[in-house]
Amino acid sequence: MIYLINDYSLGAHPQIMKALSDTNLIHSAGYGKDPYCDEAKELIKARLGRSDVDIHFLMGGTQVNLTAMSAFLRPHHAIIAADSAHICVHETGAIEATGHKVISCPSPDGKIQPSQIEEAYLLHKDEHMVKPKLVYISNTTEVGTVYNKDELQALRSMCDKYGLYLYADGARLGCALTAPGCSLTLEDMAQLTDAFYIGGTKNGALFGEALVITRPELMEDFRYHIKQRGGMMAKGRLLGIQFGELFRDNLYFDLARHANGTAVLLKNGLMGGGYEFLVDSPTNQLFPILPNMVVDHLRQQVAFEDWQAAGDRASVIRLVTSWGTDEEEVMEFLRYL
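Summarised in this report is the structure supplied together with it. (Residues numbered from 1 in each chain as written. Predicted model: local features only at pLDDT ≥ 70, side-chain atom pairs only at ≥ 80, totals over all residues. Heavy atoms only, no water.)

Observations regarding the overall build of the protein
When its secondary structure is counted, the protein shows 14 helices and 14 strands. The C-alpha radius of gyration computed for the protein amounts to 20 Å, which stays within 12% of the reference 20 Å derived for 337 residues, consistent with globular compactness. Considering only C-alpha atoms, the protein reaches an extent of 55 × 55 × 35 Å along its principal axes. When each of the 337 residues of the protein is scored for burial, the buried share is 55%. (Helix = DSSP H or I, 4+ residues; strand = E, 2+ residues; numbered from the N terminus. Rg over C-alpha atoms; globule rule 2.2 N^0.38 Å. Buried < 20%, exposed > 50% of the residue type's maximum accessible area, 1.4 Å probe, protein only.)

Written out as structure tokens, the structure is:
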């Protein structure tokens with residue numbers, strides 16, 4: 001089989017596995033109070049150019065999202081997000097289960113517009129309705145598109161206008177920041193959002209995400225929220241060790257750049273065959289539109305995700321490259337196609 005179904009079907013990058021193995025028989029404190037987590041936090045802070053942020057390591061993206069948003073918001077607060085946002089379609093109502101309504105806005109390219117934020121805020125005008133308080137975005141989006149710096153600054157300005165928090169899901173943040181032509185940096189993320197997370201699970205780690213809280217008022221007692229939501233690992237060092245390896249040098253960005261590079265090769269091959277795409281994604285998620293008979297043929301040798309119908313005789317599928325995808329796999333896919 002050719003695996004293009006997601007970017008986490010492999011285990012972890014060998015450098016990370018080696019670090020986990022090398023530290024396996026070393027005793028350390030629990031619950032993230034170990035030297036490995038401390039070192040990883042300092043490495044990330046150095047990359048952000050800020051020492052005044054709070055960093056917490058958790059196991060998965062849904063856990064980060066529900067823990068952060070339930071901690072940041074009061075019971076009557078709501079969240080504004082694109083209708084394709086992960087919290088809307090892939091988290092089993094986890095956010096709503098914490099008591100917070102998600103106000104979804106239509107977005108064919110996965111990105112939310114400042115005007116949509118303003119419209120949603122003004123529609124909820126009194127105490128008979130929920131009060132919008134947080135804007136959720138993901139970078140990359142669920143369809144592989146990317147926010148540039150100007151777009152993020154525009155969202156920040158609109159949030160400031162109405163006193164809203166800006167939160168970014170960074171499950172694939174590495175691919176966003178290394179996308180061709182991307183004007184956004186990790187430092188910009190720390191300056192323009194109130195909180196965001198750096199995804200490890202989908203970028204070479206065995207598991208784990210690093211939540212960065214930049215707004216002081218959101219930092220208080222956050223470890224209590226992690227514990228209450230079941231997110232505090234006794235062996236928290238396993239998270240610190242992995243993020244230490246990802247950020248000690250350029251591994252985090254190198255792995256994301258590789259995933260994007262193999263996606264470019266795949267995209268060019270599909271375009272050369274005359275195929276069109278649902279959206280123009282510059283990152284490692286591609287959404288080609290293929291005849292159903294071709295999709296059925298691919299299913300025999302390729303692991304991919306069915307996305308949506310495109311009329312009666314065609315479908316959109318999702319193809320995803322990863323840090324572990326090599327060029328020969330891409331060429332094998334194209335030959336089979």
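Moving on from the model shown.
Quick word on helix H7 (residues 149-162)
Helical geometry note: an α-helix holds 3.6 residues per turn, so side chains three or four residues apart project in the same direction. The terminal C-alpha atoms of H7, which comprises 14 residues, lie 20 Å apart, in line with the 20 Å expected from a rise of 1.5 Å per residue. Three or more residues of H7 are buried, namely Leu-152, Leu-155, Arg-156, Met-158, Cys-159 and Tyr-162. Projected down its long axis, H7 shows its buried positions confined to an angular sector of 165°, all on one face. Exposed residues lying more than 90 degrees from the buried face of H7 are Asp-150 and Lys-161. Its side-chain oxygen 3.1 Å from the backbone nitrogen of Asp-150, Asn-148 forms the N-cap of H7. One or two residues past the end of H7 sits Gly-163, with phi positive at roughly 65°. (Expected span 1.5 Å × (residues − 1). Arc of directions from axis to C-beta. Polar contact = N/O pair within 3.5 Å; in protein donor to acceptor, adjacent residues only side chain to side chain.)

Description of the sheet that holds strand E6 (residues 165-169)
Read across the open sheet, the seven strands follow the order E2-E8-E7-E6-E5-E3-E4; overall the sheet is mixed. Edge positions in the sheet fall to strand E2 (54-58) and strand E4 (102-105), since each has one partner strand and no second. Strand-to-strand twist across the sheet, computed as the mean angle between neighbouring axes with direction ignored, equals 25°. Sheet contacts for H7: strand E5 (131-138) and E6; angle to E6, the most-contacted strand, approximately 145°. (Pairing = 2+ DSSP bridges. Axes fitted to C-alpha atoms, helices over the stretch in contact; angles between N-to-C directions. Contact = heavy atoms within 4.5 Å.)

Quick word on the environment of Gly-274
Tracing the sequence through the fold places Gly-274 in the loop between helix H12 (251-272) and strand E9 (276-277). Here Gly-274 falls in the exposed class, since its relative accessible area comes to 58%. It is 45 Å that separates the C-alpha atoms of Gly-274 and Ile-241, two residues lying 33 residues apart in sequence.

Looking at the packing of aromatic side chains
Given two aromatic rings, their pairing is described by the distance between the two centres and the angle made by the two planes. Evaluated as defined, the whole model comprises eight aromatic pairs. An aromatic cluster of three or more residues is present, and its members are Phe-247, Tyr-252 and Phe-253. In this structure, Lys-111 is placed above the aromatic ring of Tyr-147, and the distance from its NZ or CZ to the ring centre is 5.8 Å. The ring of Tyr-165 is capped by Lys-133, whose NZ or CZ atom sits 5.0 Å from the centre of that ring. (Phe/Tyr/Trp six-rings, centres within 6.5 Å; stacked < 30°, edge-to-face > 60°. Lys NZ or Arg CZ within 6 Å of the ring centre and 35° of its normal.)

A closer look at the nonpolar core
Counting residues in hydrophobic clusters, the biggest one holds 54 residues, and the most contacted among them are Phe-196 and Ile-198. Dropping the residues within four chain positions of it, Phe-196 is found in contact with Leu-48, Ala-168, Leu-173, Leu-186, Met-189, Ala-190, Ala-210, Leu-211 and Val-212. Ranked by size, the runner-up nonpolar core spans 28 residues in total, among them Leu-58, Tyr-165, Ile-213 and Ile-226. (Core = buried A, V, L, I, M, F, W, Y, C linked by side-chain atoms within 4.5 Å.)

With respect to unusual backbone geometry
Backbone torsion omega between Asn-139 and Thr-140 reads 5°, so that peptide bond is classified as cis. Within the secondary structure layout, Thr-140 lies in the loop between E5 and H7. Unlike most non-glycine residues, Tyr-31 shows phi in positive territory, near 60°. Overall, Tyr-31 belongs to the partly exposed group, its relative accessible area being 39%. Its identity as a non-glycine residue notwithstanding, Thr-92 has a phi of 50°, on the positive side.

Observations concerning the packing of helix H6 (residues 114-123) against H7
Remark: H6 packs on H7, axes separated minimally by 9 Å, with the N-to-C direction vectors making an angle of 20°. As summarised for this structure, H6 and H7 are arranged roughly parallel, according to the angle between their axes. Read as a crossing pair, H6 and H7 show a hand that is right-handed. Contact with H6, carried on its side by Pro-114, Ile-117, Glu-118, Tyr-121 and Leu-122, involves Ala-154, Leu-155, Met-158, Lys-161 and Tyr-162 of H7 and no other residues of that element. Residues that form the contact of H6 with H7 fall into these classes: eight nonpolar, no polar and two charged. (Parallel < 35°, antiparallel > 145°, perpendicular 65-115°, else oblique. Left-handed = near helix turned anticlockwise from the far one by under 90°. Nonpolar A, V, L, I, M, F, W, Y, C, P; charged D, E, K, R; others polar.)

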